Amino acid sequence: LIVADTGVHGSTRAAVADVRALLEREPERTGALLDRLGAIARDAERALRVGGARATGGVMDESQRILRELGVSSTEIEALVTAAKGAGALGAKLSGGGQGGCIVALIGDGDDATAVTEALRAAGATGIWSVPPAPHPSGTTR
């Protein structure tokens, strides 16, 4: 896993208020999206247990698509998600309350970790952490 910070302080309160307003304006569509997010949590558990990393990545991507539709994502989050996916991440999504903050990307092997880390840095991530730590271009881990 790689976690990358957008450098933007997210506001859970603002994100929740935006989703609430969207729910009031478009109750059927928004309700269906929220229901699907609940189902995705169950899908993620199953994917982790049975489907492996690729299935889990797909669930993460679907979750991010819905969070984007709900207005919980941001330009900065989308830039990091796009960078991670473009560099080989199996899945990527925002973490936390949204509208800033961090993303988490699921990666395959060590080579993917290096490529994703470099892509996130190039896309403007202000902090990057990985488990296990990915090698830094200087040869150290970060």
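As a reminder, the structure under discussion sits directly above these lines.
Predicted model only: the values in this text are computed from it and were never measured.

Some points on the overall build of the protein chain
Along the protein chain, the regular secondary structure elements total 4 helices and 4 strands. Tracing the protein chain from N to C terminus, the helices and strands come up as β-α-α-α-β-β-α-β. Relative to the globule expectation of 14 Å for 142 residues, the C-alpha radius of gyration of the protein chain, 15 Å, shows essentially globular dimensions. Residues counted as buried form 39% of the 142 residues belonging to the protein chain. By sequence separation, contacts in the protein chain at least 24 residues apart represent 62% of the contacts at least 6 residues apart. Charge-centre separation for the protein chain: the mean point of 15 positive side chains lies 3 Å from the mean point of 17 negative side chains.

Some words on the pairing of strand β1 (residues 2-5)
Only one face of β1 is buried: it carries I2 and A4, and the other face, with V3 and D5, is open. Pairing geometry for β1 and strand β3 (residues 102-106), over 4 bridges, is antiparallel. Paired with D5 across the two strands is C102, which belongs to β3. Here β1 pairs with strand β4 (residues 127-130) via 4 bridges, running antiparallel. By the bridge assignment for β4, D5 is matched with G127.

What counts as what
- Residues numbered from 1 in each chain as written.
- Predicted model: local features only at pLDDT ≥ 70, side-chain atom pairs only at ≥ 80, totals over all residues.
- Heavy atoms only, no water.
- Helix = DSSP H or I, 4+ residues; strand = E, 2+ residues; numbered from the N terminus.
- Rg over C-alpha atoms; globule rule 2.2 N^0.38 Å.
- Buried < 20%, exposed > 50% of the residue type's maximum accessible area, 1.4 Å probe, protein only.
- Contact = heavy atoms within 4.5 Å.
- Lys, Arg positive; Asp, Glu negative; His and termini not counted.
- Charge placed at Lys NZ, Arg CZ, Asp CG, Glu CD.
- Pairing = 2+ DSSP bridges.

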